[in-house]
Amino acid sequence: MLNTAVKAARRAGNIINRAAQNLDILSVTQKAINDYVSEVDREAERVIIRMLLDAYPGHSILAEESGATGKSEFQWIIDPLDGTTNFLHGFPQYAVSIALSHKGVLTQGVVYDPARNDLFTASRGRGAYLNDHRIRVGKRIKLQQSLIGTGFPFREFAHIDTYLAMFRDLTQKTSGLRRAGAATLDLAYVAAGRLDGFWEFGLSPWDMAAGSLLITEAGGLVGDLEGNSGYLESGNIVAGNPKVFAQLIQALAPHLQGKLKS
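Parameters at a glance
- Residues numbered from 1 in each chain as written.
- Predicted model: local features only at pLDDT ≥ 70, side-chain atom pairs only at ≥ 80, totals over all residues.
- Heavy atoms only, no water.
- Helix = DSSP H or I, 4+ residues; strand = E, 2+ residues; numbered from the N terminus.
- Rg over C-alpha atoms; globule rule 2.2 N^0.38 Å.
- Buried < 20%, exposed > 50% of the residue type's maximum accessible area, 1.4 Å probe, protein only.
- Areas by Shrake-Rupley, 256 points an atom, 1.4 Å probe, with all protein chains shown as cover.
- Pairing = 2+ DSSP bridges.
- Axes fitted to C-alpha atoms, helices over the stretch in contact; angles between N-to-C directions.
- Contact = heavy atoms within 4.5 Å.

### Details of the overall build of the protein
Then comes step 1: Counting its regular elements, the protein contains eight helices and 15 strands.
Then comes step 2: Its C-alpha radius of gyration of 17 Å places the protein within 12% of the 18 Å reference for a compact globule of 262 residues.
Then comes step 3: Principal-axis analysis of the C-alpha atoms gives the protein an extent of 45 × 40 × 35 Å.
Then comes step 4: Within the span of the protein, comprising 262 residues, buried residues form 54% of the whole.
Then comes step 5: Of the roughly 11,700 Å² that the protein leaves accessible, carbon and sulfur atoms contribute 49%.

So, in structure tokens, the structure goes:
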């Protein structure tokens with residue numbers, strides 16, 4: 001199943017790379033405020049779904065552009081192009097994300113960065129890999145020494161003040177914060193030790209599924225803003241190596257106070 005997902009991700013990546021050469025002629029639609037979809041997103045998603053269902057016709061799909069289809073204990077969770085705004089501006093931080101859930105448990109994960117040809121993969125119980133090399137989360141044990149990823153609220157601004165308070169606090173408690181604009185890649189970077197931790201809220205399952213499996217298979221922890229397991233349902237996520245994860249949860253806690261439910 002992982003091999004099929006890898007082939008589908010690479011095929012989608014080829015579509016994205018070709019389109020990146022002609023950004024000025026792409027057809028783009030605004031789905032909501034600061035939320036765009038291009039013909040590339042749709043074409044990449046169609047290709048991924050077709051390849052997966054050709055191999056596993058009984059499986060169900062949850063995809064960003066086409067939604068949920070089919071009923072099965074196996075569900076593929078797909079983001080054909082995470083970081084569309086980056087892509088449309090020629091900013092090379094975007095990725096294809098494909099995960100497989102079996103009876104609600106994530107079992108396979110692929111995050112493919114077509115701009116760099118970086119392929120992150122994980123299978124439950126078999127570890128996480130970057131281009132066939134085993135990866136582990138970072139070894140830093142203090143939040144003060146850590147590089148932390150995040151994502152600004154960009155569609156829903158009801159909790160912007162809470163987020164900015166978190167950002168201000170963590171700017172002073174870490175080695176630095178980074179907001180690159182593609183949560184799937186941010187999570188893959190945590191798995192590879194490029195980031196020591198990550199937090200964001202208001203995400204969708206396809207933003208988190210593959211990346212969260214990469215992190216746990218690389219020895220890290222993933223939870224909602226309170227450290228619990230419901231992040232795929234709430235859309236709120238914290239991730240990191242075990243030491244940094246615990247300190248992130250602790251640092252975020254004073255800012256919650258009922259303002260943002262996990």
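### So, the sheet that holds strand S9 (residues 128-130)
Then comes step 1: Spatially, eight strands are ordered S4-S3-S5-S6-S7-S8-S9-S10 in an open sheet, and the strand pairing comes out mixed. A strand with exactly one partner marks an edge of an open sheet, and here the two such strands are strand S4 (67-69) and strand S10 (133-135). Pairs of neighbouring strands in the sheet enclose a mean axial angle of 20°, with direction left out of account.
Then comes step 2: Judged from the seven bridges that link them, strand S6 (residues 95-102) and strand S7 (residues 105-113) form a sheet pairing that is antiparallel. Bridging across to S7, serine 97 finds its partner in valine 111.
Then comes step 3: Seen against the sheet, helix H2 (residues 39-55) touches strand S3 (60-63), strand S5 (74-82) and S6 and runs at an angle of roughly 155° to S5.

### As for the sheet that holds strand S15 (residues 237-240)
Strand pairing in a sheet relies on backbone hydrogen bonds, with the paired strands running either antiparallel or parallel.
Then comes step 1: Pairing is mixed in the open sheet, where five strands are placed in the order S12-S11-S13-S15-S14. Edge positions in the sheet fall to strand S12 (176-178) and strand S14 (221-223), since each of these pairs with one other strand and no more. Within this sheet the neighbouring strands show an average axis-to-axis angle of 15°, counted without direction.
Then comes step 2: Looking at chain direction, strand S11 (residues 147-150) and strand S13 (residues 197-200) are connected through three bridges and run parallel. Residue pairing across strands places glycine 149 opposite phenylalanine 198, the latter belonging to S13.
Then comes step 3: Along the sheet face, helix H5 (residues 183-191) touches S11, S13 and S15 and points at about 155° away from the line of S13.

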